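# Residue-level structural notes
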Amino acid sequence: MILSLLILFPAVGFLINGLLHLMAVNSKRKISANVSGFIATAAMVASFGVALYQFLLLRNIPAEGRIFEQTLFNWISLGKLQLDFTLRLDSLSAVFCLVITGVGSLIHLYSIGYMHDDETPAKYFSYLNLFCFMMLNLVLGATLPHVFLGWEGVGLASYLLIGYWYRDLEKVAAGQKAFIMNRIGDLAFLLAMFLAFRATGTLDLLQLQKIGLEPALVLPFGLLIFFACTGKSAQIPLFTWLPDAMAGPTPVSALIHAATMVTSGIYLLTRLSSVISSSETVLMVIAMTGAVTVFLSALMACAQTDIKKVLAYSTISQLGFMFLGCGVGAFDAGVFHVMTHAFFKALLFLGAGSVIHALHGEQDIFKMGGLMKKLPITSWTFIMGWAAILGLPPFSGFFSKDEIIYQSLTSPHGSVSFFILAVAAAFLTAFYMTRLLVLVFFGPSRVDAKVAAKIHESPMLMAAPLIVLSILALVGGWLGAPVHVGAETTTESHAIEYAVMGGSVVMALIGAFIAHKKYGQTSKAEKVNSFLLNGMKWDSFYLCTFGTGTQKIATGINTFFEEMIVQRLIRWSAVAVDLSGNILKIAQSGSAQGYLAMMAIAIFAILAWVIYGVGQYGKL
Amino acid sequence: MDSFESLSLVSPWLVLAGGILATMMISVVRVSTKRPAQVFAILTLFLTLLCCLKNMPEGTQVLFNGAMEVSPLTTLALALLSVLGILFGFGSSRYLTKEKIHFSDYYHLLLILILGASILMCAKDLVVMFIALEVMSLPAYTLAGFRRNDARSNEAAIKYYITGGTLGAVFLLGASFVFGATGSTHLADIFLWSQGTTANFGLFYVGHVLLLIAFLFKVAAVPFHFWKPDVYEGAPTAVTGVMATVVTMAGFVVLARLLGMIDSARIEWVPYFESLKQLIRLVAVLSLVVGSAVVVTQKNLKRMLAYSSISHSGYLLLGLLAAMTKPELIYSVWIYLFGYSLMTCGLFLLISQSEPREDAGTELVDLTGLFKRSPFRTLLWTIFLLSMAGMPLTIGFFTKYFVFLSSLDAGEGIFAVVAAVCAVVGAYAYLRPIALMVMRDADPTAASFKTSFTGQLAVVISALGVVGWGIMPNLVIQILKGIALQH
């Protein structure tokens, strides 16, 4: 049937490009980026066509029966454990499929231009197709092991793509860090899966939703699943890999680390929402983590000077919004934000890529400025993305973000503190995004003279996806939330809704204004100190708060998580493993007598224990 | 059963024994020949494989007055051993030439080893078991020392021999204790004895534990693992691969048999059985933890795989532990053994084919930048290493997965958690070589290596097995599950 074509196209693309690459290495020839890029993009576009077709079919079916299933083969059958390799499309997975294949196609297209001078484009495109194949498996899998297969697979593909430019040791290390942090999360996923199987005897997601878990097990199950999601979706405390993952090519950051893979945590939470939302504690933990992440990472984004790092922290913050949405029970708002975020954040990343491309690899925003005239398409599309992430009406971000902020206050699981953190984060988002925008595109140019002469707008291959995405960033929210999960959330009073709406827009505008005032005229490559010299009276208030203050707090928080927790954890576990390894090495002396002595001791110890045991039974 | 039928059951062994004699004769007739010995040995293994598949017994068949028994599992295991033998036979000829190892000696010892392992798996009498154990072990000792001019190889052989001999004595001691307690060396009689009485139970306990220790040593479970890294490193790589697969497989089949020696269903034996479980638990956890922790620190590939196999023994023991509670769960052990043999076989063939140094085995750093030199081989390495790490879509995922599941099923959840944590720690070790191969540039001075077509083919077949089985695990599982129920 047609559903399997959805995953088949990227798989074929992966195989063809993989073979092309092997042949290229063997014959020491170079495959043109156009050829392998065309194959990979065609595979994704075909897959998108299938997804769209299935989605339209799905809409014609009444809401209760909106499920397409296709069983490819009998995967495992083992007593109680009956697993088919089944693809299942419902409205939730259809949304994700459309985003993966749609945004994925655009990013593939963009990559053809971006990776034009790369030495091994076939390798790059095969990894990219592999990623899409795995991601589609993740969202289409009908059973937990199938989802896990995709879960591990996207981790592997992400690892390969982060370390793609492997000549840089730092980038290899970044890839490994991402992989290991994800493995920690994966462990939790495995344990949750075992727990569910033990309790219900099924691994099928649909049946699991039907049966549910007994109340005592919901808490451990929910927390394990949630922990797995924090790893994949870069939430506190497992978030530090995402900024490092920016070492990969920029289109990869757009696809994997903004639009798709990092949102798989939200997918899983939503998929299992009916199971986990019966526990208040689980929901509260999710909402708290989301709220804290949304605020802290927005703060951290204010202190970044690397254009991609700003966007990385911004992604973490936006993911925090989605988690907050899930945590207050508004899963559909979370998924809505996944969709709009995929549009505008992919747009922003690709725009950043276009800037980096134009400036020949420069990523420091204090060495940019005034690019508006030279890069008109990039600038205008970037401004559209900026408006969307700020949540200005009528851009898509407005609808989804506003819904989450509103729900964080009025939902039965919501609270004022979540609301305050969310609004503060919306304010900070406006601040750092405007800072980014004015530093890069407006004001006087701080670009090195040598580079400045060569600045040029990106080729059409790269500009076209930007234009399409900017249109999506504008209209993507007009249709409203694409899925409805769980109970309908009733709107209590329109007054509150309008107040929240207006309030968050005003907050965003204030943030944008302050940032504009502060950074609009930055002419030197100096950072905070130059602003402290600014003597305007009313400036001093926000300079204390957002100038040095923000810098210090943000760096402090970052240092805390990075050095105090993650680095220590890694260092300690390394020390523990090394130490135990070394102790065991002493036993591994190399002399046969030593080994015999050791084994003799072991045998005697066991026998002593046996005889003691026998004595206990009194039957010797 | 008429004699013809029992003849057909033992026919694989007869074929093997004939092949051993023929291969041996070749070296008598013409010392310098190479190919004939290889061809003879592989032909023998093919015939054995055919015999096994043709004469698959229906249910368990008793032979030689209960001294041995043949079941679908043991026949299937011999078939797998033949396949492994064929893969090693094809894959290691270039290695043997490089190391100047005598072809016919190597091949007939390989055949004897497989014969010994197969008989060991079928033995139902402690005396037969001991003889088979020695038939399997003596060629292994000899093979370990085959690089005659290398001190490390000699040292490995001596170490293996001394420790192995000592533990052989432990087995005999245990057997005599059991005989003293029960008055028989027949496992069937001992089983009957256990149904009638618990007299002499202390004496029996000591003997039983000693028997188990002898085989825990063979599978290198902690604390009986010390020999393994040294022997793995010193022995010729082709031989290490054989030891890692054939001996481990035989060891676990016998361990399963020894644990089922008494009627555990009887209420009198329940406390006894519980305390045996304690022992297995302890050894399993120690093996898991030690194996996974040390594997991370290793720099030599063969030593790394030695520790890796120690942790694999830990997973297998967990499977055995689960089967002690619910006998039908033994399927997880068989699946693990079959999957583990396949990936280990491929990995050792790869190492033996990529050893750049004359004097030592492959260090991890020798793999640096392999991708640039040979992307296809890197792909093969990656498949096997990911399978070792338990990545889905390879067989390594399912082997571990089923052990976790059956541990849970048997109420040993906490050990499933320990094992899952160890799997994460161990995964890091298998990731390092991949990173070295793919993400570093090659040392321009690194020696390039050549592989024979057959060698390459053998590795590709095992890789296809690892991936194919990983994608469609059902086929093999169905067979093994059927067998586990009959066993």
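So, here's what we can say about the structure. (Residues numbered from 1 in each chain as written. Chains lettered and ligands numbered in written order. Predicted model: local features only at pLDDT ≥ 70, side-chain atom pairs only at ≥ 80, totals over all residues.)

## Some details on the overall build of chain A
Counting its regular elements, chain A contains 24 helices and two strands. For chain A, the share of sequence-separated contacts (at least 6 apart) that also reach a separation of at least 24 residues comes to 81%. (Helix = DSSP H or I, 4+ residues; strand = E, 2+ residues; numbered from the N terminus. Contact = placed C-beta atoms within 7 Å.)

## What about the overall build of chain B?
Within chain B one finds 20 helices and two strands. Its C-alpha atoms give chain B a radius of gyration of 22 Å, near enough to 23 Å, the size a compact globule of 487 residues would have. Taken along the three principal axes of its C-alpha coordinates, chain B extends 70 × 55 × 40 Å. In chain B, once contacts between residues fewer than 6 apart in sequence are set aside, the share between residues at least 24 apart is 79%. (Rg over C-alpha atoms; globule rule 2.2 N^0.38 Å.)

## Looking at the interface of chain B and chain A
Taken together, the contact between chain B and chain A spans 53 residues of the former and 47 residues of the latter. Considering every element that reaches the side of chain B that touches chain A, the biggest residue donor is helix α18 (residues 413-439) of chain B, with 12 residues.

## So, helix α16 (residues 375-389) of chain B
Residue and element names in this part refer to chain B. When the terminal C-alpha atoms of α16 are compared, their 20 Å separation across 15 residues agrees well with the 21 Å that a helix rising 1.5 Å per residue should span. The element α16 is extensively covered by neighbouring structure, given that 11 of its 15 residues are classed as buried. All buried positions along α16 are accounted for by R377, T378, L380, W381, I383, F384, L385, L386, S387, M388 and A389. Looking at the buried side of α16, the elements it contacts are α13 (301-325), α14 (331-353), α15 (370-373), α17 (395-409), α18 and α19 (453-471). (Expected span 1.5 Å × (residues − 1). Buried ≥ 20, exposed ≤ 12 C-beta atoms within 10 Å, placed from the backbone.)

## Some points on helix α3 (residues 72-91) of chain B
Between the first and last C-alpha of α3 of chain B there are 28 Å, a value that for 20 residues agrees with the 28 Å anticipated at 1.5 Å per step. The buried count for α3 of chain B comes to 18 of 20 residues, which makes it a mostly enclosed element.

## What to know about the packing of helix α7 (residues 151-182) of chain B against helix α9 (residues 201-218) of chain B
Residues and elements named next belong to chain B. At their nearest, the axes of α7 and α9 sit 7 Å apart, and the two run at 155° to each other. Classified by the angle their axes make, α7 and α9 are roughly antiparallel. Regarding α7 and α9, the two cross each other, and that crossing is left-handed. Between α7 and α9, the contacting residues are L167, V170, F171, L173, G174, A175, F177, V178, G180, A181 and T182 on the first element and L203, F204, V206, G207, H208, L210, L211, I213, A214 and F217 on the second. In the contact of α7 with α9, the residues fall into 16 nonpolar, five polar and no charged. (Axes fitted to C-alpha atoms, helices over the stretch in contact; angles between N-to-C directions. Parallel < 35°, antiparallel > 145°, perpendicular 65-115°, else oblique. Left-handed = near helix turned anticlockwise from the far one by under 90°. Nonpolar A, V, L, I, M, F, W, Y, C, P; charged D, E, K, R; others polar.)

## Here we look at unusual backbone geometry
Following P393 of chain A, the chain continues to P394 of chain A via a peptide bond in cis, the omega torsion being 5°. For the bond from V222 of chain B to P223 of chain B, the omega torsion is 5°, close enough to zero to count as cis. Relative to the helices and strands, P223 of chain B resides in the loop between α9 and α10 (227-234). If you check the backbone angles, A234 of chain A has positive phi at about 55° while not being a glycine. Tracing the backbone through its elements, the reader meets A234 of chain A in the loop between α8 (215-232) and α9 (241-244).

## Some thoughts on the environment of L305 of chain B
All names here are of chain B. By the secondary structure assignment, L305 is in helix α13. Since 27 C-beta atoms lie within 10 Å of it, L305 is described here as buried. As a C-alpha pair, L305 and T344 span 39 residues in sequence and 8.6 Å in three-dimensional space. Every residue in contact with L305, bar those within four places of it in the chain, is listed here: Y232 and L347.

## Some points on the packing of α17 of chain B against α19 of chain B
Residue and element names in this part refer to chain B. For the pair α17 and α19, interaxial distance at closest approach is 7 Å and the crossing angle is 55°. One finds that α17 runs oblique with respect to α19. Contacts between α17 and α19 pair I395, F397 and F398 from the former with V466, W469 and G470 from the latter. The residue makeup of the contact of α17 with α19, split by class, is five nonpolar, one polar and no charged.

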